[in-house]
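Okay, here's what each chain looks like letter by letter:
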Amino acid sequence: WIFDAGAVPAAPVVLVTGATGRTGALLYGLFKEKGVKVRAFVRNATKAKEVLGCSKCDESEGIYIGDLTDQDVVDKAVQGTTALAVVTSAVPQCPPGAPDPSK
């Protein structure tokens, strides 16, 4: 669903992937501000602490650390959610010298 405060299900739980990126952080913050239960799927707990302001930055705070290619972590993160906001980059970030995955 598209976020509309008047159309929010009774108890939505939204998972935001890429929640430490610019757009993801804004969306995560908007959901929190509106009282929507929101989870974050991020790759780095340190960055989550800086960007999202979590203290433990773990599952107890709705922060899931991992990679979207790790099915076990993804399964845990989506369990019980009512919506998914995919705000991850379409272009993978690879270290210098790594093979280009788009070729």
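Since this is a predicted model, take the numbers as computed values, not measurements. Positions within a chain are numbered from 1, following the residues in the order the chain's sequence is written. Local features in this predicted model are restricted to residues whose pLDDT is 70 or higher, and side-chain atom pairs enter the listing and the counts only when it is 80 or higher, whereas totals over whole chains, interfaces and linings include all residues. Heavy atoms from the whole structure form the basis of all side-chain values; hydrogens and water molecules are not counted.

**Regarding helix 1 (residues 22-33)**
Helical segments are the DSSP runs of H or I of at least four residues, strand segments are the runs of E of at least two, and each set is numbered from the N terminus. For a helix, the expected span equals 1.5 Å multiplied by the number of residues minus one. Between the first and last C-alpha of helix 1 there are 17 Å, a value that for 12 residues agrees with the 16 Å anticipated at 1.5 Å per step. We call two residues contacting when some pair of their heavy atoms lies within 4.5 Å. Packed against the buried residues of helix 1 are strand 1 (13-17), strand 2 (37-42), helix 2 (45-52) and strand 3 (63-65). Looking one or two places after helix 1, you find Gly 35, whose phi comes out positive at around 80°.

**Considering the side chain of Arg 39**
Within the element layout of this structure, Arg 39 appears in strand 2. Looking at Arg 39, its side chain comes within polar contact range of the main-chain oxygen of Ala 77, at 2.6 Å. As used in this structure description, the phrase polar contact means that two N or O atoms lie within 3.5 Å; if the pair is within protein, one of them must be able to donate a hydrogen and the other to accept it, and residues adjacent in sequence are counted only when both atoms belong to side chains. Here the side chain of Arg 39 touches Gln 79 through a polar contact of 2.7 Å, landing on its backbone oxygen.

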